[in-house]
Amino acid sequence: MGAKHQMTEYLDIDLEKETWCCRRCGHELISAHESYKEGCLVYDRDPTTVYRPILPPPYTLAPDPEWCRIVEFYCPSCGIMVECEYLPPGHPITNDIEPNIAALKQKYLRA
Ligand SMILES: [Zn+2]
């Protein structure tokens, strides 16, 4: 097995370099000791631009932009969407994966 290990549908972790990598293009995003989101392009979107209005405003099916923002994370090399999250405005970006790198290395890099 190589040094790369799949962590999510669009994220690998390179256990030798200890970096997050895009699964699609292999681009190294950032150190695996940081949040992979810090290595991505960020698109902070108004929900009303994501959900097509079905009814005339204010009766749309989009979340209220005063209560919700949609934050998308993209690979800066190939442009694949790595992650998407819904957050209240002003809420910090979440750190959803904190890998135990030492344990992963012991499990997958043993000779
Ligand atoms: Zn990529």
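What counts and what doesn't
Residues numbered from 1 in each chain as written. Predicted model: local features only at pLDDT ≥ 70, side-chain atom pairs only at ≥ 80, totals over all residues. Heavy atoms only, no water. Phe/Tyr/Trp six-rings, centres within 6.5 Å; stacked < 30°, edge-to-face > 60°. Helix = DSSP H or I, 4+ residues; strand = E, 2+ residues; numbered from the N terminus. Buried < 20%, exposed > 50% of the residue type's maximum accessible area, 1.4 Å probe, protein only. Pairing = 2+ DSSP bridges. Axes fitted to C-alpha atoms, helices over the stretch in contact; angles between N-to-C directions.

S.K.: Looking at this structure, how should I read the packing of aromatic side chains?
M.R.: For any pair of aromatic rings, geometry is given as the distance between the ring centres together with the angle between the planes. Applying the stated criterion across every chain yields a total of one aromatic pair. On the basis of an interplanar angle of 70° and a centroid distance of 5.6 Å, the ring pair of Trp20 and Tyr36 is categorised as edge-to-face. Placement of Trp20 in strand E3 (residues 19-22) and of Tyr36 in the loop between strand E4 (28-31) and strand E5 (41-45) is noted, with a sequence separation of 16 residues between them. Taken individually, Trp20 and Tyr36 each receive the classification buried, so the pair is uniform in this respect.

S.K.: How should the sheet that holds strand E7 (residues 81-87) be read in this particular structure?
M.R.: The strands that make up a sheet are held in pairs by hydrogen bonds between backbone atoms, and each pair lies either parallel or antiparallel. Pairing in this open sheet of three strands is antiparallel, and the strands run E5-E6-E7 from one edge to the other. Among the strands making up the open sheet, the edge pair consists of E5 and E7. Sheet twist, expressed as the average angle between the axes of neighbouring strands with direction ignored, equals 15°. With six bridges connecting them, strand E6 (residues 69-74) and E7 associate as antiparallel partners. Looking at E7, one finds that Glu72 is bridged to Cys84.

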